[in-house]
Amino acid sequence: MKFILGSASPRRLELLAQIGVRPDDVRPPDIDETPRKAELPRPYCARIAREKVAAVEAGDDDIVLCADTTVALGRRILGKPADRAEAEDFLRRLSGRRHRVVTAVAVRRGARVWERDVQSSVKMKVLSEPEIASYLDSGDWQGKAGGYGIQGPAGAFIPWISGSFTAIVGLPLAETANLLVAAGYPLYGGRA
Ligand SMILES: Cc1cn([C@H]2C[C@H](O)[C@@H](COP(=O)(O)OP(=O)(O)OP(=O)(O)O)O2)c(=O)[nH]c1=O
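For the structure given in this document, a descriptive report is provided here. (Residues numbered from 1 in each chain as written. Predicted model: local features only at pLDDT ≥ 70, side-chain atom pairs only at ≥ 80, totals over all residues. Heavy atoms only, no water.)

**Here we look at the nonpolar core**
Counting 42 residues, the largest nonpolar core has Phe3, Leu65, Val107, Tyr148 and Leu180 as its most contacted members. Among the elements that take part in this core, strand 3 (residues 63-73) stands out by supplying five residues, more than any other. Leave out the neighbours within four places in its chain, and valine 107 touches Val53, Ile63, Val64, Leu65, Arg112, Val113, Trp114, Leu179, Leu180 and Ala183. (Core = buried A, V, L, I, M, F, W, Y, C linked by side-chain atoms within 4.5 Å. Buried < 20%, exposed > 50% of the residue type's maximum accessible area, 1.4 Å probe, protein only. Helix = DSSP H or I, 4+ residues; strand = E, 2+ residues; numbered from the N terminus. Contact = heavy atoms within 4.5 Å.)

Here you go:
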């Protein structure tokens, strides 16, 4: 059995390391992440995690883990900003409001798939012009759903969350541990 992380996200690698899980291989999937017409954020996120895990090549006995993190403002999905202008647009929309962050995790072993999604609420303070400008200058928004990362400088913009911090960063560790154990990964030295 090999454990394969199907993700290019350095956050997911670090979060797995936090619970002592080191992949034997990292194979980021390449799928089309375009939402379907009128697709809601939670089903979208779960679908993308499933499509990612199906797209990773692995042996029948290997365990593959993929995840997707989606920022939802009402019914609207905010993906990874394409450029600085889009990141600015996202920040202005999120400023002073509460939004949701959904992270779906999918684990596959052979033909079997285990999945969970976790939804958190996040409140962003009303952002001032200097806060927006300096955050955009930092470049930290790049590659992050909704155009911010709570674990970086944007942590100063988040006075309150309800849910799972690790899920917001990209991988809900409690649920991930359960999925790995269900799939037969020897977490806790195989004692679980
Ligand atoms: C909201 C938020 C998102 N993010 C990140 C987590 C994810 O890496 C990214 C959302 O994009 P994803 O499509 O979930 O993942 P990815 O493209 O980075 O990597 P892969 O598909 O190969 O697994 O946003 C943070 O790091 N902090 C945050 O606070």
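**Considerations on the packing of aromatic side chains**
Applying the stated rule across the entire model yields two aromatic pairs. Where phenylalanine 3 meets tyrosine 185, the ring centres are 5.3 Å apart and the plane angle is 70 degrees; that geometry is what we call edge-to-face. Note that phenylalanine 3 is positioned in strand 1 (residues 3-5) and tyrosine 185 in the segment after helix 6 (173-182), a separation of 182 residues in sequence. By the burial criterion, phenylalanine 3 is buried, and tyrosine 185 matches it. Judged by centre distance (5.7 Å) and plane angle (75 degrees), the rings of tyrosine 135 and phenylalanine 157 are edge-to-face. Of the two residues, tyrosine 135 is situated in helix 4 (residues 129-138) and phenylalanine 157 in the loop between helix 4 and strand 7 (160-162); the sequence distance between them amounts to 22 residues. (Phe/Tyr/Trp six-rings, centres within 6.5 Å; stacked < 30°, edge-to-face > 60°.)

**Regarding the layout of surface pockets**
The space that makes up the largest pocket amounts to roughly 630 Å³. Lining the largest pocket we find 35 residues, and of these Arg12, Lys52, Thr69, Lys80 and Gly143 sit closest to its centre. Top contributing element to the lining of the largest pocket by residue count: strand 3, with five residues. Partitioned by chemical class, the residues of the lining of the largest pocket number 17 nonpolar, ten polar and eight charged. (1 Å grid on protein atoms, 1.4 Å probe; cavity = no way out; pocket = protein on both sides within 12 Å on 5 of 7 lines; lining within 4 Å. Points joined across faces, edges and corners; volume = space filled by probe spheres on them. Nonpolar A, V, L, I, M, F, W, Y, C, P; charged D, E, K, R; others polar.)

**Side note on the site of the ligand**
Not every one of the 20 residues close to the ligand is listed here, only the nearest: Ser7, Ala8, Arg12, Lys52 and Lys80. Note that an oxygen atom of the ligand is positioned 3.0 Å from one of the backbone N or O atoms of alanine 145. Against a free-state accessible area of 600 Å², the protein chains account for coverage of 94% of the ligand. More than half of the atoms belonging to the ligand lie within 2 Å of the grid points that define the largest pocket. Looking at the shell around the ligand, the element that brings in the most residues is strand 3, giving three residues. Of the residues in the shell around the ligand, the class split is seven nonpolar, six polar and seven charged. (Near = heavy atom within 4 Å. Polar contact = N/O pair within 3.5 Å; in protein donor to acceptor, adjacent residues only side chain to side chain. Areas by Shrake-Rupley, 256 points an atom, 1.4 Å probe, with all protein chains shown as cover. Sits in = over half its atoms within 2 Å of the grid points.)

**A short note on the pairing of strand 3**
Strand 3 sits mainly inside the fold: eleven of its eleven residues count as buried. In strand 3, alternate side chains face the same way, and those of Ile63, Leu65, Ala67, Thr69, Val71 and Leu73 on one face and Val64, Cys66, Asp68, Thr70 and Ala72 on the other are all buried. Pairing between strand 1 and strand 3: three bridges, direction parallel. Paired with isoleucine 4 across the strands is valine 64, a residue of strand 3. Across ten bridges, the pairing between strand 3 and strand 5 (residues 98-109) is antiparallel. Of the residues in strand 5, the one forming a bridge with leucine 65 is valine 107. As judged from the three bridges shared by strand 3 and strand 4 (residues 76-78), these two strands associate in the antiparallel manner. Counted as the bridge partner of leucine 73 is arginine 76 from strand 4. (Pairing = 2+ DSSP bridges.)

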